[in-house]
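Below, each chain spelled out in residue letters.
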Protein chains: 2
Amino acid sequence: MEILKTLIKKSDTKIVLIVLDGVGDLPLKNGKTPLEYANTPNLNNLAKKSALGLHIPVDLGITPGSGPAHLGIFGYEPLKINIGRGVLEALGLGLELRETDVAVRGNFATIKYEKGIPIVIDRRAGRISTEENKRLIKYLSQNFSSIEDAQIILRSGMEHRFVVIFRFPYQISYEVETINDTDPQAVGKPPLKPYGKGKMAEKVAKIAEIFCEKVAELLKNESKANYALLRGFSVKPKLETFEEKFGLKACCIATYPMYKGLASLVGMKLIEFEGMNIKDEIETLKFQWNNFDFFFVHIKKTDSAGEDGNFEMKVKIIEEFDMLLPEILSLNPSVLCITGDHSTPCILKSHSWHPVPVLINSSYVLGNTSERFTEREALKGELGIFYAYKLMPLLLAHAQRLKKYGA
Amino acid sequence: MEILKTLIKKSDTKIVLIVLDGVGDLPLKNGKTPLEYANTPNLNNLAKKSALGLHIPVDLGITPGSGPAHLGIFGYEPLKINIGRGVLEALGLGLELRETDVAVRGNFATIKYEKGIPIVIDRRAGRISTEENKRLIKYLSQNFSSIEDAQIILRSGMEHRFVVIFRFPYQISYEVETINDTDPQAVGKPPLKPYGKGKMAEKVAKIAEIFCEKVAELLKNESKANYALLRGFSVKPKLETFEEKFGLKACCIATYPMYKGLASLVGMKLIEFEGMNIKDEIETLKFQWNNFDFFFVHIKKTDSAGEDGNFEMKVKIIEEFDMLLPEILSLNPSVLCITGDHSTPCILKSHSWHPVPVLINSSYVLGNTSERFTEREALKGELGIFYAYKLMPLLLAHAQRLKKYGA
């Protein structure tokens, strides 16, 4: 794909990428998927005059997490990029990451001492409540803020989960990703000591060890959460930005931290706005229209409905989006792409490997292949079934932002 | 695809892979292919509620032999794996290969001596009969059984073809595959001397040379088959097993030695059973149902009919399979896949490069895209056209045997 960079040309065309998270699905009601079942007059009209197809998020049969799935539609080969567990977790909690940070996922756990040796008896501290977690994180934050030259930043997640960032006054290298998890992955065993390969990793591992000791000391009177197990030591991946890779000034309009975080990894500008609804996002799109070339609009609730197995809710969100579609069309984008990052079939209540419908509307499509924006109608479309990371070149081409290759 | 191995999860789901050898075809009668012409009510029903598509055995335009074609549907990239000619030939004759073996394909040939130098005058010894071949191999086997530390194992093939295995008391390295063929590829020339690169290859080449001399001595009074030309020095390839690669306990239900041999290369358990018919194979499938996770059922006769250009016979075999399909369905496999290893169009009387229809039945498909399991209906399906070596990840996904990739 290095060739692509040599073909980028400047243009004043505008591209809108709408990601209906987890929109792809399987038949459930009357043999229909939510996209098929929903009443979508505006999407139907648009589909008839658009290019349709399906994208494979990562590879055939591979179910992606949100990280790889978004990197794919952003044009990055998801199998070639590793986003560490700690980094993803931090992004998901809305923490801004720097190149000087080590992000680590933590679990509160329960230990008891046998002859002075700590033994893990519950790796999740009885799944304490999120409120309990917040109380503990607040207490820990008040009682220590640094170890050696590392600033400690703590953030509560759900139940027993939290994130710790070790922020240093200098850039951190990938070698810290060699540090092992301290979670022994089984009860009845002592926590593992963190070790890293290389000088910087050794130093960070030592700090992490001290961190665990201090947490144990501070929480020694807690009945459940009296210890912390650490996993997924990782650094912010160094990715080419959207501007470097595609020559696009891009922004992200999203409501959930994870997606903002992923967009920020590729250098998109995060737009702050009030409200959590699709309507609010489209208002924001309108408001920012003159400021960017590329607009990533992330709609979360289709995925949440799929994860809950709530077919009716998924249909409702799709219909809500359909009603608002004319507002997007009124902006007259050069290229409008509507897709999902992956499928979240209601019958699976989880992400899946199934290809995801893609719609590209521009002046340069065949069109008239498909009656609707659905999984099965998309199969008839001119785009075929293609890898998600090829979507961006297609959008650039339809936006007349790519020069000819060769003479 | 190293990533796949990290995603394997255990499950008690069962996968059945039916390979109708060479099933793909081209239109011949009433513009129909054998799959289209055949009366297949059970396959039709199944197709309507299954995922369909076509696989490309090796690459666009590439006609595969049975070796690469099967490796592909077994999930191994056929262009990255070399199975030597000698090994394939040995597997085809039902010889069990060890890591201590060098397998070589032999041709009986006719030579005459000019000034004491042997000159090849017929590279195939007038295509002697298979019976004649068997008489010679029996005679040779009785008269020498070893050279230095190599045990000699001989097996007749068809007409002038045979296989010789040099079995050593130690492991043999790939370097023996550097040994050149002794066949000069033209009449009027002397046989070539075998040479190999590396110490072990040199030694094996020397033994092969002695072998040829001894054969010439023993057969000196034969009028036609008075010499042996050797080709395709090769060793059993070291492949990851199905269990290592996919976490599957797999078995092979096949009637022909070649396919059993290929299955054994990837570590499938070969099931012995009475009979050569599809019915016998399906009885065996039922009998073994509780013993394995993955069942490779190979049906040979579709290919044989294609090779013979016998359209009616191919239709008949497909209809025979269709009649027995309910027996397979009654086992209620989590995933049932029906496909071929390659196409064998009757009009070509040989393997071809054409993509092969694939049907995947499971609880997690869209379905309702295709009316039948045929080449043209498969084109409408949700699987699209994909490389054969991606089939296994798809089957694993549909069997819920893969974890999510990334968070």
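Residues numbered from 1 in each chain as written. Chains lettered and ligands numbered in written order. Predicted model: local features only at pLDDT ≥ 70, side-chain atom pairs only at ≥ 80, totals over all residues.

Asks: Please clarify how the overall build of chain A should be interpreted in this entry.
Replies: Each helix and strand in chain A was counted, giving 14 helices and 14 strands. Against the 2.2 N^0.38 benchmark of 22 Å for 407 residues, chain A shows a C-alpha radius of gyration of 23 Å, consistent with a compact globule. C-alpha atoms of chain A, sized along the principal axes, occupy 75 × 50 × 40 Å. Buried positions account for 53% of the 407 residues belonging to chain A. Put simply, of all contacts in chain A between residues at least 6 apart along the chain, 71% involve residues at least 24 apart. (Helix = DSSP H or I, 4+ residues; strand = E, 2+ residues; numbered from the N terminus. Rg over C-alpha atoms; globule rule 2.2 N^0.38 Å. Buried ≥ 20, exposed ≤ 12 C-beta atoms within 10 Å, placed from the backbone. Contact = placed C-beta atoms within 7 Å.)

Asks: Even after reading the chapter, I still don't get the sheet that holds strand β12 (residues 335-339) of chain B, so can you show me in this structure?
Replies: Strands belonging to one sheet form pairs held by backbone hydrogen bonds; the direction of such a pair is parallel or antiparallel. Residue and element names in this part refer to chain B. An order of β10-β9-β11-β1-β12-β13-β2-β14 is seen for the 8 strands of this open sheet, with the pairing classed as mixed. Strands with a single pairing partner mark the edges of an open sheet, and in this sheet they are β10 (269-270) and β14 (384-387). With 5 bridges connecting them, strand β2 (residues 51-56) and strand β13 (residues 356-361) associate as antiparallel partners. By the bridge assignment, G53 is partnered in β13 with V358. Each of β1 (15-20), β2, β12 and β13 is contacted by helix α14 (residues 391-398), which is oriented at about 15 degrees to β13, the strand it contacts most. (Pairing = 2+ DSSP bridges. Axes fitted to C-alpha atoms, helices over the stretch in contact; angles between N-to-C directions.)

Asks: Whenever I open this one, the sheet that holds strand β2 (residues 51-56) of chain A confuses me. Can you help?
Replies: Residue and element names in this part refer to chain A. The strand order β10-β9-β11-β1-β12-β13-β2-β14 describes an open sheet built from 8 strands, whose pairing is mixed. Looking at strand neighbours, the two that pair on one side only are β10 (269-270) and β14 (384-387), the edges of this open sheet. When strand β9 (residues 250-253) meets strand β11 (residues 294-299), the two strands line up parallel, connected through 4 bridges. Within β11, the position partnered with I253 by the bridge is V297.

Asks: Is there a simple way to explain the pairing of β9 of chain A in this structure?
Replies: A regular strand places its side chains on the two faces of the sheet in alternate fashion. All names here are of chain A. Going residue by residue along β9, you find A250 and C252 tucked away on one face and C251 and I253 tucked away on the opposite face as well. As paired strands, β9 and β10 are joined by 2 bridges and run parallel to one another. Pairing of C251 across the sheet is with K269, part of β10. A crossover connection joins β9 to the parallel β10 through helix α9 (residues 257-265); in handedness this β-α-β unit is right-handed. (Right-handed = clockwise from strand over helix to strand, strands pointing away.)

Asks: Quick question: what am I supposed to make of the domain arrangement of chain A here?
Replies: Interface size, as often reported, equals the accessible area lost upon joining of the parts. All names here are of chain A. Each assigned domain of chain A is listed here: domain 1 (2-81 + 239-398) and domain 2 (88-234). If you average the C-alpha positions of domain 1 and of domain 2, the two centres end up 36 Å apart. Opposite the 5 residues of domain 1 that make contact, domain 2 presents 5 residues. At 4 residues, the largest contribution of residues to the side of domain 1 that touches domain 2 is made by α9. (Domains from an automatic or database assignment.)

Asks: How should the interface of chain A and chain B be read in this particular structure?
Replies: Across the contact, 26 residues belong to chain A and 20 residues belong to chain B. Sorting the residues of the side of chain A that touches chain B by element identifies α4 (66-73), α5 (85-92), α13 (375-378) and β14 of chain A as the ones contributing at least two each. Examining the composition of the side of chain A that touches chain B, we find that 3 residues originate from one element, α4 of chain A, more than from any other. When its residues are assigned to classes, the side of chain A that touches chain B shows 14 nonpolar, 8 polar and 4 charged. (Nonpolar A, V, L, I, M, F, W, Y, C, P; charged D, E, K, R; others polar.)

Asks: Explain the relation of the copies chain A and chain B to me, please; I cannot follow it from the model alone.
Replies: The relation between the two copies of this chain is a rotation about an axis and a shift parallel to it. With an axial shift of 0.1 Å and an RMSD of 0.2 Å, the rotation relating chain A to chain B amounts to 124 degrees. Taken together, the rotation and translation describe the operation of a three-fold axis. With a heterologous cut-off of 20% or less, the 4% of interface residues of chain A that recur at the interface of chain B puts this contact in the heterologous class. (Least-squares fit on C-alpha atoms with pLDDT ≥ 70 in both.)

Asks: Can you walk me through the pairing of β11 of chain A in this structure?
Replies: Within β11 of chain A, 6 of the 6 residues are buried, which leaves the element mostly enclosed by the surrounding structure. Here β11 of chain A shows a buried face lined by F294, F296 and H298 of chain A and a second buried face lined by F295, V297 and I299 of chain A.

Asks: What's the story with the environment of G157 of chain B in this structure? I'm lost.
Replies: Inspection of the secondary structure puts G157 of chain B in the loop between β6 (150-156) and β7 (161-167). Between the C-alpha atom of G157 of chain B and that of N361 of chain B, which follows or precedes it by 204 residues, the distance is 39 Å.

Asks: Sorry, what's going on with the packing of helix α3 (residues 41-48) of chain A against helix α12 (residues 311-329) of chain A here?
Replies: Helix-helix packing is described using two parameters, namely the angle between the two axes and the distance between the axes. Residues and elements named next belong to chain A. Taken N-terminus to C-terminus, the directions of α3 and α12 make an angle of 55 degrees; their axes are 7 Å apart at the nearest point. Considering the angle they form, α3 stands oblique to α12. Contacts between α3 and α12 involve P41, N42, L43 and L46 from the first element and D322, L325 and P326 from the second. Of the residues contributing to the contact of α3 with α12, the split by class is 5 nonpolar, 1 polar and 1 charged. (Parallel < 35°, antiparallel > 145°, perpendicular 65-115°, else oblique.)

Asks: Please explain helix α9 (residues 257-265) of chain B as it appears in this structure.
Replies: An α-helical segment advances 3.6 residues per turn. Residues three or four places apart therefore align on the same side. All names here are of chain B. α9 sits mainly inside the fold: 7 of its 9 residues count as buried. Of all the positions in α9, only M258, Y259, K260, G261, L262, A263 and L265 are classed as buried. Here the buried face of α9 lies against α4 (66-73), α5 (85-92), β9 (250-253), β10 and β11 (294-299). Two residues or fewer after α9 comes G267, characterised by a positive phi angle close to 85 degrees.

Asks: Help me out: how do you make sense of unusual backbone geometry in this one?
Replies: Most peptide bonds adopt trans geometry, and most residues besides glycine take a negative phi value. All names here are of chain A. Its identity is not glycine, yet N332 carries a phi of approximately 55 degrees, on the positive side. Among the structural elements, N332 can be located in the loop between α12 and β12 (335-339). On the neighbour-count criterion, N332 (9 C-beta atoms within 10 Å) is exposed. Of note, Q400 is a non-glycine position whose phi angle comes to about 55 degrees, a positive value.

Asks: How should the confidence of the model for chain A be read in this particular structure?
Replies: Residues of chain A with pLDDT of at least 70 account for 100%, and the chain-wide mean is 96. As scored by the predictor, the complex reaches a pTM of 0.91 and an ipTM of 0.90. (pLDDT = per-residue confidence, 0-100.)

Asks: I'm lost on the environment of T130 of chain A in this one. Help?
Replies: In this fold, T130 of chain A is placed in helix α6 (residues 130-143). T130 of chain A sits in the partly exposed class, given 14 other C-beta atoms within 10 Å.

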